[in-house]
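Listed below, chain by chain, are the residues.
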Amino acid sequence: MAFFGGLAPAAAGDIAVTQAQIQGLEIQLQEVRPATDEAIALLPGTVIPPMNSRIAVPAPFAGTVVSLDVLPGEAVAEGRPLMTIASRELLETMSQLRQAEANLDAAKAVADRYRSLADKAIASPTRAAETEAQRQALSAVVEEHKRLIAMGNIKTNADGSYTLVAQKAGRVVEANVAPGDNIAAMTPAVVLDTSDELWVEAQLPATLIGKVRPGDIIRLGEGVTGKVLSVGHSLDPKTRSASLIGSIPASAGFVVGQMVTLSIHREATAAGFDVPAQSVVWLAGTPSVFVRTEQGFRVLPVTLKGKTLHGATIEAALAPGQMVATSGLAQLENMAGTE
């Protein structure tokens, strides 16, 4: 289509509008651009931590919190003390470990003696095997107590208390107890974020399942771009939607739990054009735009490929550089109805 200065040639059916009327009706124009990507969906979402980047530090033994050494939001290095807990369970487990180690030493001496006697044909080989089995059983008990005490990489103290330490470097999200609180065994005492990376989660309507794919572009405001990581293909019975997970840069300025609006895009087809979202109107059930012509405007039906708050991707008999109306559309609709 040939046009000059952004104006399409006049044709029958054009809405005659003078330049003075355009100014009086405050009709704004914007240039049509070739689409570099195609708007697919606009979804509300929530910023979440990446999978497995948020870890809980459990208290392996029940007890009473003596001191809390960190605050929510505080950065911690790996091995940093988090809290100290006085625990009778820990004292009992350490006592049982010492008893089991003593019993193991005795069982090992007996097993070695009977094995030596059996080798000399003085004692029964069966008796030697029995004492060796007893030694192995006690060895398993010792190992079990050692694993219990080492659980969570805790630091045991001389007074019978123990200290929880950060298993990885990160930032404290929350501390679920305060000094003086009782804490049950294996209760998550502190939660840490170990990565600055951010994800977003959104609910995808059934009509968009199959249209949004992993690798599609996510946009959140000006200059913030991410990508779709996964898209569910079954509906949650409660929300009647599928789950969408995407990643966004840590430098985006968002925080976990923040509500955001996701604009989903992908690479556009060659025939696509970008226009402002407000330039697309529905006339007689068909998406259309008002294209500037030499005499005024022309109503041009389009194929709406996708739309967000700010932009729309369309396919139509347009050319880059043509102008479409972005305001005063109600007045143009009225004028089109009287043509």
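Below or above, wherever it landed, is the structure these notes cover. (Residues numbered from 1 in each chain as written. Predicted model: local features only at pLDDT ≥ 70, side-chain atom pairs only at ≥ 80, totals over all residues. Heavy atoms only, no water.)

**Brief notes about the packing of aromatic side chains**
Turning to step 1, where the next piece is worked out: Under the defined criterion, the tally for this structure stands at 1 aromatic pair.
Turning to step 2, where the next piece is worked out: Relative to Y162, the ring of F61 has its centre 5.9 Å away and its plane inclined at 75 degrees; by these criteria the two rings are edge-to-face. Of the two residues, F61 sits in the loop between strand 5 (54-59) and strand 6 (63-68) while Y162 sits in strand 10 (residues 161-165), which places them 101 residues apart along the sequence.
Turning to step 3, where the next piece is worked out: According to the relative accessible area criterion, F61 is buried, its value standing at 4%.
Turning to step 4, where the next piece is worked out: Note on Y162: relative accessible area 0%, which makes it buried.
Turning to step 5, where the next piece is worked out: Its guanidinium or amino end placed over the ring of Y114, R113 lies 5.7 Å from that ring's centre, counting from NZ or CZ.
Turning to step 6, where the next piece is worked out: Above the plane of the ring of F297 lies R292, whose end atom (NZ or CZ) is 5.5 Å from the centre. (Phe/Tyr/Trp six-rings, centres within 6.5 Å; stacked < 30°, edge-to-face > 60°. Helix = DSSP H or I, 4+ residues; strand = E, 2+ residues; numbered from the N terminus. Buried < 20%, exposed > 50% of the residue type's maximum accessible area, 1.4 Å probe, protein only. Lys NZ or Arg CZ within 6 Å of the ring centre and 35° of its normal.)

**Some words on a nonpolar patch on the surface**
Turning to step 1, where the next piece is worked out: On the surface, L148, M151 and M186 cluster together into a nonpolar patch covering about 230 Å² of accessible area.
Turning to step 2, where the next piece is worked out: Topologically, L148 is positioned in helix 3 (residues 125-150). (Patch = residues over 30% accessible without salt bridge, like charges linked within 9 Å, V, L, I, M, F, W, Y side chains within 5 Å. Areas by Shrake-Rupley, 256 points an atom, 1.4 Å probe, with all protein chains shown as cover. Salt bridge = Lys/Arg side-chain N within 4 Å of Asp/Glu carboxyl O.)

**Notes on the pairing of strand 5**
Two faces belong to every sheet, and in a regular strand the side chains alternate between them.
Turning to step 1, where the next piece is worked out: Burial along strand 5 is one-sided: I55, V57 and A59 are buried, and none of R54, A56 and P58, which face the opposite way, are.
Turning to step 2, where the next piece is worked out: Here 6 bridges tie strand 5 to strand 13 (residues 187-193), and the two strands are oriented antiparallel to one another. Along strand 13, the bridge assignment pairs A59 with T187. (Pairing = 2+ DSSP bridges.)

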